[in-house]
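Summary of the model geometry
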Amino acid sequence: EMWKGTAKPHIFSWTTWGILTGLGFILSYGGGGGEGSWIFALQSVFCFVIAIYALFKREKNITRIDQIAFVSAIIITVVYVLTKNAILSVILEATIDCLGFLPTFRKSYLKPYDEPALTYFFSFLSFLFSLGAIEIYTFTTIFYPLALVFANIIFVLFLLIRRKSILLV
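A few points on the structure. What you see as residue numbers is a count from 1 along each chain, following the sequence as written. The predicted origin of the model limits local features to residues at a pLDDT of at least 70 and limits the giving and counting of side-chain atom pairs to 80 or more, whereas totals for whole chains, interfaces and linings rest on all residues. Side-chain metrics rest on all non-hydrogen atoms present in the structure, leaving aside hydrogens and water.

**Points about empty space enclosed by the protein**
Selection rule: A cavity, in this analysis, means grid points on a 1 Å lattice covering only the protein atoms where a 1.4 Å probe fits yet has no way out; a pocket is instead an open set bounded by protein on both sides within 12 Å along at least five of seven lines, and a residue lines either one if it has an atom within 4 Å of a point. Grid points are joined across faces, edges and corners, and a volume is the space filled by probe spheres set on the points. Strands are runs of DSSP state E lasting at least 2 residues, helices are runs of H or I lasting at least 4, and numbering of each runs from the N terminus. Gly is placed with the polar residues, together with every amino acid not listed as nonpolar (Ala, Val, Leu, Ile, Met, Phe, Trp, Tyr, Cys and Pro) or charged (Asp, Glu, Lys and Arg).
According to the stated counting rule, one finds one cavity of 30 Å³ or more in the structure shown. Of the voids in this model, the largest cavity is the one considered here, and its volume is about 110 Å³. Along the walls of the largest cavity sit W14, W17, T21, Q43, C47, D97, F101, Y120, S123, F127, L148 and N152, which together make up its complete lining. The set of elements that each furnish at least two residues to the lining of the largest cavity consists of helix 1 (11–30), helix 2 (38–57), helix 4 (86–110), helix 5 (117–133) and helix 6 (139–168). Tallied by class, the residues present in the lining of the largest cavity amount to seven nonpolar, four polar and one charged.

Spelled out as structure tokens, the structure:
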């Protein structure tokens, strides 16, 4: 869908996710996550690539909640840099990442074909597999990927249900 030019990703969501998954890599790797942490680095790069694409094909309707989610991602990064409190940071990170879905849920309710479900399904799978590759299981290394597993699969199910409901009308 992205390659066809029909997807219109939300720039605030994808930039937020790029920042947070980059921080997720730092937290997980620093907490002993080992090879299971590298999926966050890869996902961060992909998120920023999609955010760049969104500059040209983006959803133009930016709301207050979109701005709040984006600013929150910046703030959590600063909180971690200043405090080095990994547990607080990972809790805030997972919360804000899930908040980052709000603009995409809002937009996708109205335009469910503007987001590629397959992208989120692959994210679900990648974070699920990363849980199996984590070397040391601690709250810091598993909380964020678990949150992402659930957030991504919930969004995929939401998209599929919403698309089906539109077809039935």
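**Structural notes on helix 5**
In an α-helix, one turn spans 3.6 residues, which is why side chains three or four residues apart end up on the same side. Stated formally: Each residue after the first adds 1.5 Å to the expected span of a helix. When accessible area is computed with a 1.4 Å probe and restricted to protein chains, residues below 20% of their type maximum are described as buried, those above 50% as exposed, and intermediate ones as partly exposed. By the convention used here, residues are in contact when the closest approach between their heavy atoms is within 4.5 Å.
In this model, helix 5 (17 residues) spans 25 Å end to end at C-alpha, consistent with the 24 Å of a helix rising 1.5 Å per residue. Those residues of helix 5 not exposed but buried are A117, Y120, S123, F124, S126, F127, S130 and L131. As for helix 5, its buried residues are in contact with helix 1, helix 2, helix 4 and helix 6.

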